[in-house]
Protein chains: 2
Amino acid sequence: MIYQNPKYLKSVNMNGKEKDTNILNEIAKLEKTHGKFFNTQKILLATDGSVTTILDVLHGKISIKTLVQEFEKADEKLAKLLNIKVNDDVNYRVVLMHKDDKPLIHAISYIPLDRLDDNFKRDLIMADMPIGRILRKYNIESRREVNNVAIEKTNNDLIELFDSNADLLTRDYNIIRNDEVLIWIKEAFPLDYFSKQ
Amino acid sequence: MIYQNPKYLKSVNMNGKEKDTNILNEIAKLEKTHGKFFNTQKILLATDGSVTTILDVLHGKISIKTLVQEFEKADEKLAKLLNIKVNDDVNYRVVLMHKDDKPLIHAISYIPLDRLDDNFKRDLIMADMPIGRILRKYNIESRREVNNVAIEKTNNDLIELFDSNADLLTRDYNIIRNDEVLIWIKEAFPLDYFSKQ
């Protein structure tokens, strides 16, 4: 029965349970080569919930500092990532999530502007507001799909931003609404962050 | 501008940022009287993501044991909780989320049957599948709103189920789709669970 509906066929094959399992396997693989991660690190890599909410409950209400906020025309790579046309308008934002003077997570986001309503757009561009908080403010129903998790070499900018030389735990994921990518996000934090109870 | 749209008026006033802050305040209040919680405990109380996914990444892919699965006619209290009519059909399910022989979280759910499609209903009733996994399987876009967090006295059933005399950390929340309550869930675990890194 289930396979007669193409929408369900797609979801069973490409997403849902199987994709979840893949990300769990990827995390387990990383742990094999790099040693065990801490619980909070693993949750931050795997969760399909708001990262802002998790940081809020661990550190008290967090803030973001916007490092880059600009509009771009999608090149081929970005068009493919977001399933839009080349030259479509995209919002590119880089932020540091932090609690007071304690940096927490670095996040890059791409958002196709055509998929945003005006209120969301204004908060995104002008308000230094975490995306998780914007989604809640407007009661947006969505789902999140983690695409990749990885350990990456750090770089001079992030060494300075985080005050840490440690390599980075990273992931990228889509926030999907109306079956379209509303937001593509890549998050990173040093391996020696979130390493306490 | 924002206040001219009644939908946004409602969301800004009643939900989103303010409601989030309330739950964080409630958790902070509980910590004042009962001592600090562990990070994983706080995340499990506050997250708006899938609890199944969090347990999967911490323990390896978890399972559920269905303790009760039955249909009820909504009484006044339940009708109010779910915003349905008295006597509407509701699915009532009680499960224990566990990894092998290790119990993890006890969960009660109420779901108005009219709001489910047949595939979801079948998996819910027949498949011993966690709700978070059903939502992903069918790519359901939704949002979660935590209503309450509390510490509650345990009882004989749960002492036996969890093999722990500790009081319980509990929360209840709605999973909302199409601006309606799709699922009401109450989760509970002993205060001495999730207390390691």
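Here we summarise the structure given alongside this text.

Cut-offs and rules
Residues numbered from 1 in each chain as written. Chains lettered and ligands numbered in written order. Predicted model: local features only at pLDDT ≥ 70, side-chain atom pairs only at ≥ 80, totals over all residues. Heavy atoms only, no water. Core = buried A, V, L, I, M, F, W, Y, C linked by side-chain atoms within 4.5 Å. Buried < 20%, exposed > 50% of the residue type's maximum accessible area, 1.4 Å probe, protein only. Contact = heavy atoms within 4.5 Å. Salt bridge = Lys/Arg side-chain N within 4 Å of Asp/Glu carboxyl O. Helix = DSSP H or I, 4+ residues; strand = E, 2+ residues; numbered from the N terminus. Phe/Tyr/Trp six-rings, centres within 6.5 Å; stacked < 30°, edge-to-face > 60°. Pairing = 2+ DSSP bridges. Axes fitted to C-alpha atoms, helices over the stretch in contact; angles between N-to-C directions.

## Observations regarding the nonpolar core
- In terms of nonpolar packing, the biggest core is built from 98 residues, with Phe120 and Ile183 of chain A together with Leu55 and Phe120 of chain B touching the most fellow members.
- Dropping the residues within four chain positions of it, Leu55 of chain B is found in contact with Leu44, Gly60, Ile62, Met97, Leu104, Ile105 and Phe194 of chain B.

## Thoughts on the pattern of salt bridges
Residues and elements named next belong to chain A.
- In total, this model carries 22 salt bridges over all chains according to the counting rule given.
- Among the ionic pairs, Glu26 bridges to Lys29, the shortest N-O distance being 3.4 Å. In this pair, Glu26 and Lys29 are both assigned in helix H2 (residues 16–34), 3 residues apart and thus about one turn of the helix distant.
- The exposure class of Glu26 is partly exposed, given its relative accessible area of 31%.

## Quick notes on unusual backbone geometry
Residues and elements named next belong to chain A.
- Despite not being glycine, Asn87 shows a phi value in the positive range, around 80°.
- Within the secondary structure, Asn87 sits in the loop between helix H5 (76–82) and strand E2 (89–99).
- The phi dihedral of Asn139 falls on the positive side, at around 50°, and the residue is not glycine.
- In this structure, Asn139 sits in the loop between helix H7 (131–137) and strand E4 (143–152).
- Asn139 sits in the buried class, given a relative accessible area of 7%.

## Side note on the environment of Ala28 of chain B
- With respect to the element layout, Ala28 of chain B can be found in helix H2 (residues 16–34).
- Between the C-alpha atoms of Ala28 of chain B and Lys42 of chain B, which are 14 residues apart in sequence, the distance is 9.7 Å.

## Let's talk about the environment of Phe120 of chain A
All names here are of chain A.
- Looking at where Phe120 falls in the secondary structure, it is placed in helix H6 (residues 118–126).
- Put simply, Phe120 and Tyr138 are 18 residues apart on the chain and 7.7 Å apart in space, counted from C-alpha to C-alpha.
- Ignoring anything within four residues of it in the chain, the contact list for Phe120 reads Ile111, Ile134, Leu135, Tyr138, Ile140 and Ile183.

## Focus on the packing of aromatic side chains
All names here are of chain B.
- Per the stated rule, a full pass over the model turns up 10 aromatic pairs over all chains.
- Relative to Tyr193, the ring of Phe162 lies with its centre 5.2 Å away and its plane at 75°, an arrangement referred to as edge-to-face. Taken together, the residues span a long stretch of sequence, with Phe162 in helix H8 (residues 156–162) and Tyr193 in the segment after strand E6 (180–190) at a distance of 31 residues.
- Its relative accessible area of 2% is what places Phe162 among the buried residues.
- A residue is classified by how much of its surface remains accessible, and Tyr193, at 7% relative accessible area, is buried.

## A closer look at the environment of Asp56 of chain B
- Summarising the element assignment, Asp56 of chain B is placed in helix H4 (residues 51–59).
- The buried category is assigned to Asp56 of chain B, whose relative accessible area is 6%.
- The spacing of Asp56 of chain B and Asp89 of chain B is 33 residues in sequence and 32 Å in space, taken between C-alpha atoms.
- Look past the residues within four positions of Asp56 of chain B in its chain and what remains in contact with it is Leu24 of chain A together with Lys61, Ile62 and Arg133 of chain B.

## Details of the sheet that holds strand E1 (residues 63–73) of chain A
Residue and element names in this part refer to chain A.
- Strand order in this open sheet of 6 strands is E1-E2-E3-E6-E5-E4, and the pairing throughout is antiparallel. Looking along the sheet, the strands with just one partner apiece sit at the ends: E1 and E4. Taken pair by pair, the neighbouring strands of this sheet meet at an average axis angle of 15°, ignoring direction.
- Where strand E3 (residues 102–112) lies against strand E6 (residues 180–190), 5 bridges are found, and the strand directions are antiparallel.

These figures capture arrangement, not role.
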